[in-house]
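Chain by chain, the residues run as shown.
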Amino acid sequence: MKCPHCGAPMTEEQVFCETCGKERQLVPVFEAEIDETMEDAISGIAVDLASTQEIPPVKVEQDITSEPIEEEDEDEFLPEPSDKSSTRFLLFMIGGVVAVVLLVLLVVMLFRVREQSSYDFHIKKAEEMCSLQDYEQMLSHAESARELAPNSSDAKMMIARAYEGMENVQYEREMLEDLLAVDSAYTPAYDLLIPLYEQEKEYQKIADILLSCSQQSVLDKYTDYLASPPQTSEEQGSYEEAIALKLIAPGTGKIYYSLDGSDPTKKKKEYTTPILLHSGHYTLKAVYVNEYQVQSSVMQADYYIDETMVSAPEISPESGTYTEPQYIMVDIPDDSYQVYYTTDGSEPGMESTLYDGAIPLPVGESNFAFVMYDEGGIPGEIAYVQYQLNMDLAFTGEQAANMLIQNLIAQGVISDADGHIPDVEGKRQYVACAVISESDQYYYLLDEIFISPDGMSQKTGNRYAVSTITGESFRAERNLIGMYDLKRMQ
């Protein structure tokens, strides 16, 4: 015996084909109640016909008082009853009734066959088999439904769920992939397919199917797997001023970029802060890599900047050699600008020291660099100045620091010459940073620095002054014009 569907060999005992999984039975099974009702109807009609008898004609009695009326004898025209004709009539009636019953039965059979061959019937049966955990029958009905409606996403989903119940991961996965390739809006399929990818750590495949998904509920649920290209805060094009360009991407991954059109994945320049674009042409390329190392496609944008640069700050005094104390001053146009500086000649930025008033010129050689930012955070050109302060003083800055330490010990501010503080871990150091003049006298200006137990150093903000003539110590407090007022220490 062979399978009527695929032709594979089958035994008499087999109901389902091992090759295609379909049922061998082709003759529909009728419900017992319908068969019993039809048998009762036929039996009732046969009994009624069998009990039927011929009714003889009624004779009319003549009136004896009336004159005889000559009538033709009707009996000679009536056919004599025949047992054979009655039997033939009865058989004819039974045959007609049987024919009608058979016709009704045929109609019912055709209706049942048609019903059991419908898409809705197989989908419903597949759902019933799923609730009974009969996944082989479920698969058979789901496959039949798919044959009747090849593009039905529901039928494909039923097949995938049947394979899930049968623990056939490969076929389940292939069916779900086929479903979403045709119907990317079928949201239930994502909840079955994505966990399969997660088990195998195939995060790139998750990102790929999410990129083709238009259902926001799905995207919100699996947003961590998304790897969409970065977006920019400024559209590409031409600008007449410098811009601070921001790169935006969903998730907690990283953005890599380049400004010369090169592959951003090779340079691995990570985006952390807004990118300042000054005059020039820039070809921005950026890529987003999520926490699962899934990489987005590369976005590209071109920017043409023709700006009027923020001018370099004006510094006084000019670079040179000096023999008298000086204050370095910066001319700032208004409060919307900020100036940052370094004291070792390195390039300054917003992470450098903020200029907040006059800076006393250090003794010896010094190199300053200043940069000014406008209200939009756009920096200007850098101003570099170099100084040499040569003074013939009675003692050095280190000697002035020792004098201050002895004074602070005497007052109980520190406990020893190393700068330890009572009941506090760490110590304080004092370093001469400049020379200032006050009432025609010179003073060393010293910064107080706190050294933590782990060796980290930080200025405390306290400043002291030591007279270069008497060695007397003072507290140095900055006034409103940026100069220092000296208060004698008791």
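Within the protein, the secondary structure is distributed over eleven helices and 22 strands. In the protein, which comprises 490 residues, the share counted as buried stands at 33%. Pairs at least 24 residues apart make up 51% of the contacts formed inside the protein by residues separated by at least 6 positions. Accessible area for the protein stands at about 30900 Å²; split by element, carbon and sulfur atoms hold 50% of it.

Let us now look at the packing of aromatic side chains. Enumeration over the complete set of coordinates arrives at 15 aromatic pairs. Plain terms: the ring middles of Tyr 203 and Tyr 292 are 4.6 Å apart, the flat faces sit at 35° to each other, and that makes the pair tilted. One end of the pair, Tyr 203, is in helix H8 (residues 203–211); the other, Tyr 292, is in the loop between strand S7 (280–289) and strand S8 (299–305), and 89 residues separate them in sequence. Residue classification places Tyr 292 among the partly exposed residues on the basis of a relative accessible area of 26%. Members of the aromatic cluster, connected to one another through ring pairs, are Tyr 322, Tyr 341, Phe 368, Phe 370 and Tyr 387.

Taken together, the side chains of Phe 89, Phe 92 and Met 93 present a nonpolar region at the surface, about 350 Å² in accessible area. Mapped onto the elements, Phe 89 comes out in helix H2 (residues 83–116).

Here we come to unusual backbone geometry. Ser 316 connects to Pro 317 through a cis peptide bond whose omega is 0°. Unlike most non-glycine residues, Gln 133 shows phi in positive territory, near 60°. Backbone geometry at Glu 167 places phi at a positive 60°, although glycine is not the residue there. Looking at the element boundaries, Glu 167 is found in the loop between helix H5 (153–165) and helix H6 (169–182).

What follows covers the sheet that holds strand S17 (residues 420–421). Paired through their backbone hydrogen bonds, the strands of a sheet run either parallel or antiparallel. Spatially, six strands are ordered S17-S18-S19-S20-S21-S22 in an open sheet, and the strand pairing comes out antiparallel. Strands with a single pairing partner mark the edges of an open sheet, and in this sheet they are S17 and strand S22 (484–488). Where strand S19 (residues 441–451) meets strand S20 (residues 457–467), eight bridges bridge the pair, whose relative direction is antiparallel. Across the sheet, residue Leu 446 finds its bridge partner in S20, namely Tyr 464.

On to helix H3 (residues 119–131). When the terminal C-alpha atoms of H3 are compared, their 19 Å separation across 13 residues agrees well with the 18 Å that a helix rising 1.5 Å per residue should span. Burial in H3 covers these residues: His 122, Ile 123, Ala 126, Met 129 and Cys 130. All buried residues of H3 project into a common sector of 125° when viewed along the axis, lining one side. When the buried face of H3 is taken as reference, the exposed residues oriented beyond 90 degrees from it are Asp 120, Lys 124 and Ser 131.

Here we take up the packing of H3 against H5. To describe two helices that pack against each other, one gives the angle between their axes and the distance between the axes. Running from N to C, H3 and H5 point in directions that differ by 25°, and their axes come no closer than 11 Å. With respect to H5, the axis of H3 lies roughly parallel. Along this stretch, H3 crosses H5, giving a crossing that reads as left-handed. For the pair H3 and H5, the contacting residues are Tyr 119, Ile 123, Ala 126, Glu 127 and Cys 130 in the first and Asp 154, Ala 155, Met 158 and Arg 161 in the second.

The topology assignment puts His 141 in helix H4 (residues 135–148). Placed twelve residues apart in sequence, His 141 and Met 129 show a C-alpha to C-alpha distance of 8.8 Å. When near neighbours in sequence (up to four residues on either side) are disregarded, His 141 contacts Phe 121, His 122, Lys 125, Ala 126 and Met 129.

All right, on to the sheet that holds strand S10 (residues 320–322) then. Reading across from one edge, S10-S16-S15-S12-S13 is the order of the five strands in this open sheet, with mixed pairing throughout. Each edge of the open sheet is held by one strand with a lone partner, namely S10 and strand S13 (353–354). Relative to S13, strand S12 (residues 338–342) is paired through two bridges, and the arrangement is antiparallel. Residue pairing across strands places Tyr 341 opposite Thr 353, the latter belonging to S13.

The next subject is the confidence of the model for the protein. Residues at a pLDDT of 70 or more form 83% of the protein, whose mean pLDDT is 84. Every residue in residues 26–34 scores below 50 in pLDDT, and together they form eleven contacts with partners more than four places removed in sequence or on other chains. Low confidence marks residues 52–69, where pLDDT is under 50. Its contacts with residues over four positions away, or in another chain, come to two contacts.

On to the packing of H5 against helix H7 (residues 188–199), then. At a minimum axis distance of 11 Å, the contact between H5 and H7 shows a crossing angle of 35°. Taken as a pair, H5 and H7 cross one another with a handedness that is left-handed. Together, Met 157, Arg 161 and Glu 164 of H5 and Pro 188, Ala 189 and Leu 192 of H7 make up the contact between the two elements.

Let's shift gears to the side chain of Thr 342. Its place among the elements puts Thr 342 in strand S12. Look at Thr 342 and you get buried, because its relative accessible area is 10%. For Thr 342, the side chain forms a polar contact with the main-chain oxygen of Ser 346, separated by 2.7 Å. Once you skip the residues sitting within four places of it in the chain, Thr 342 turns out to touch Glu 347, Pro 348, Ser 352, Asn 367, Phe 368 and Ala 369.

Below, the discussion takes up the pairing of strand S11 (residues 327–331). Successive residues of a regular strand alternate their side chains across the two faces of the sheet. Side chains of S11 alternate between two faces, with Ile 328 and Val 330 buried and Tyr 327, Met 329 and Asp 331 left unburied. Note: strand S9 (residues 314–316) against S11, three bridges, orientation antiparallel. What sits directly across from Ser 316, in S11, is Met 329. In this sheet, strand S14 (residues 359–360) lies alongside S11 in antiparallel orientation, the contact comprising two bridges. Across the sheet, Tyr 327 pairs through a bridge with Pro 360, a residue of S14.

Thresholds applied
Residues numbered from 1 in each chain as written. Predicted model: local features only at pLDDT ≥ 70, side-chain atom pairs only at ≥ 80, totals over all residues. Heavy atoms only, no water. Helix = DSSP H or I, 4+ residues; strand = E, 2+ residues; numbered from the N terminus. Buried < 20%, exposed > 50% of the residue type's maximum accessible area, 1.4 Å probe, protein only. Contact = heavy atoms within 4.5 Å. Areas by Shrake-Rupley, 256 points an atom, 1.4 Å probe, with all protein chains shown as cover. Phe/Tyr/Trp six-rings, centres within 6.5 Å; stacked < 30°, edge-to-face > 60°. Patch = residues over 30% accessible without salt bridge, like charges linked within 9 Å, V, L, I, M, F, W, Y side chains within 5 Å. Salt bridge = Lys/Arg side-chain N within 4 Å of Asp/Glu carboxyl O. Pairing = 2+ DSSP bridges. Expected span 1.5 Å × (residues − 1). Arc of directions from axis to C-beta. Axes fitted to C-alpha atoms, helices over the stretch in contact; angles between N-to-C directions. Parallel < 35°, antiparallel > 145°, perpendicular 65-115°, else oblique. Left-handed = near helix turned anticlockwise from the far one by under 90°. pLDDT = per-residue confidence, 0-100. Polar contact = N/O pair within 3.5 Å; in protein donor to acceptor, adjacent residues only side chain to side chain.

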